Amino acid sequence: MPASLRRQTARLRASYTSETASLAAPGITRRDSSILPLRSGLGLDACSAPQRRLRALLALGMFNHGPTSWWPRHVTLADVSRYTFVVSPRHDDLVIAARAPYNVACWLVGRDRLPQIGLPGLRVESSYDDGWRLRHLPTGAAMTVTGDRHGCLRGPVDNDSNYARLWTTDVPVNDEEYAVLNGLPRLSANTETLLAALTVRLCAHAPDGTWDVGMWFNDVTDRPGRGQAHHRRLSAEDDRCTLHWDSEPHPEDLRTALTGPVIGLVGTRIQTTGDGWNLHYGRARLLARPVVFRP
């Protein structure tokens, strides 16, 4: 594709995701650029099957929080979104560019002497000056956590920089992690795609500031807040998902992030219900039921 068109598409994607253009560019495919200005998804959802599975598992961890959580409490990843970072999805990598990469990595990866085990099976593959290359052992999918705003891992590999004593790839998946993973119901490929779409749109917002997903913890649009409890419940089985939440983001913001003409998941259909909405993708359905917050 022409370099100018790739740069144009990267800038457009960055205006919706808070990435830098150079961070967004590796996630842009030929197809994403060739069909602009039509709906393209901007490469957010184009990934390998292992990546899709990894992102779906991250969604199940991050969008379960509080007393009604669908996943075990010690596996919750919801608090990772309290930190400031940018999600940059690529075909075979999921890059997290964070202000505090150490804190983010500590929530994602388990370690000894802590009850919280991170995402089951996620390990440190290699360490750098200000970041980590992670590997999810059950799927083989890669993640990158870095303090560099352009997504780079700086310096040579340093085997001694894992000062948090995070589990590394030479630590096998343990029985507790297998119990969580094996306890999950079957998820279809379309369902995994819907769940993955939630993960990669954590930072999605309108370029003109009219809506903002806000990492599920913040609203920056000067509207009344939806509450402070931050309870979430995301359940899934086969072709059905159900999502409840009682705080940020505003329901219409999440709906736009998933279905908007530029940023949305390509191929979705929306159906309004009495207490929320159904998002259809192929045979999969996400039933979103935002809880009305009353102060």
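Use the structure listed above.
What comes next is a walk through the structure. (Residues numbered from 1 in each chain as written. Predicted model: local features only at pLDDT ≥ 70, side-chain atom pairs only at ≥ 80, totals over all residues. Heavy atoms only, no water.)

Describing the overall build of the protein chain
Working step 1: Broken down by element type, the protein chain carries eight helices and 10 strands.
Working step 2: The globule rule puts the C-alpha radius of gyration for 295 residues at 19 Å, and the 18 Å found for the protein chain is close to it.
Working step 3: Here the C-alpha coordinates of the protein chain stretch approximately 50 × 50 × 35 Å along the principal axes.
Working step 4: Out of the 295 residues in the protein chain, the part that is buried amounts to 55%.
Working step 5: Taking as baseline every contact in the protein chain between residues at least 6 positions apart, the subset at least 24 positions apart corresponds to 64%.
Working step 6: Split by element, the accessible area of the protein chain, about 12800 Å² in all, is 50% carbon and sulfur. (Helix = DSSP H or I, 4+ residues; strand = E, 2+ residues; numbered from the N terminus. Rg over C-alpha atoms; globule rule 2.2 N^0.38 Å. Buried < 20%, exposed > 50% of the residue type's maximum accessible area, 1.4 Å probe, protein only. Contact = heavy atoms within 4.5 Å. Areas by Shrake-Rupley, 256 points an atom, 1.4 Å probe, with all protein chains shown as cover.)

Re the sheet that holds strand S9 (residues 276–281)
Working step 1: Pairing is mixed across the open sheet formed by five strands, whose spatial order is S6-S7-S10-S9-S8. With one partner strand each, in any of the chains shown, strand S6 (232–237) and strand S8 (268–273) form the two edges of the open sheet. Averaged over all neighbouring strand pairs, the angle between strand axes comes to 15 degrees, with direction disregarded.
Working step 2: Bridge count between S9 and strand S10 (residues 284–290): five bridges; the pairing is antiparallel. The residue of S10 that forms the bridge with histidine 280 is arginine 285.
Working step 3: Relative to S10, helix H7 (residues 189–200) is tilted by about 40 degrees, and along the sheet it contacts S6, strand S7 (240–245), S9 and S10.
Working step 4: Sitting on the sheet, helix H8 (residues 251–259) is in contact with S7, S8, S9 and S10, with an inclination near 10 degrees to S9. (Pairing = 2+ DSSP bridges. Axes fitted to C-alpha atoms, helices over the stretch in contact; angles between N-to-C directions.)

Details of the sheet that holds strand S2 (residues 93–98)
Working step 1: On the basis of which strands lie adjacent, the open sheet formed by five strands has the order S1-S2-S5-S4-S3 and mixed pairing. In this open sheet, the two edge strands, each paired with only one partner strand, are strand S1 (85–90) and strand S3 (122–128). Sheet twist, expressed as the average angle between the axes of neighbouring strands with direction ignored, equals 20 degrees.
Working step 2: The sheet contact formed by S3 and strand S4 (residues 131–136) spans six bridges and is antiparallel. In the strand pairing of S4, tyrosine 128 is matched with glycine 131.

Digging into the packing of helix H4 (residues 49–62) against H7
Working step 1: Here H4 crosses H7 at 65 degrees, and the two axes come no closer than 7 Å. Judged by the twist between their axes, the crossing of H4 over H7 is left-handed. Residues Arg52, Arg53, Arg55, Ala56, Leu58, Ala59, Leu60 and Met62 of H4 form the contact with H7, whose own contacting residues are Ala189, Glu192, Thr193, Leu195, Ala196, Thr199 and Val200.
Working step 2: For the contact of H4 with H7, the class distribution of residues is nine nonpolar, two polar and four charged. (Left-handed = near helix turned anticlockwise from the far one by under 90°. Nonpolar A, V, L, I, M, F, W, Y, C, P; charged D, E, K, R; others polar.)

Here we look at the layout of surface pockets
It is the rolling of a water-molecule-sized probe over the atoms that shows where space remains empty.
Working step 1: Quantified by volume, the largest pocket comes out at close to 430 Å³.
Working step 2: Ser18, Thr84, Phe85, Val86 and Cys203 are, among the 24 residues lining the largest pocket, the residues nearest its centre.
Working step 3: Broken down by class, the residue content of the lining of the largest pocket amounts to 10 nonpolar, nine polar and five charged. (1 Å grid on protein atoms, 1.4 Å probe; cavity = no way out; pocket = protein on both sides within 12 Å on 5 of 7 lines; lining within 4 Å. Points joined across faces, edges and corners; volume = space filled by probe spheres on them.)

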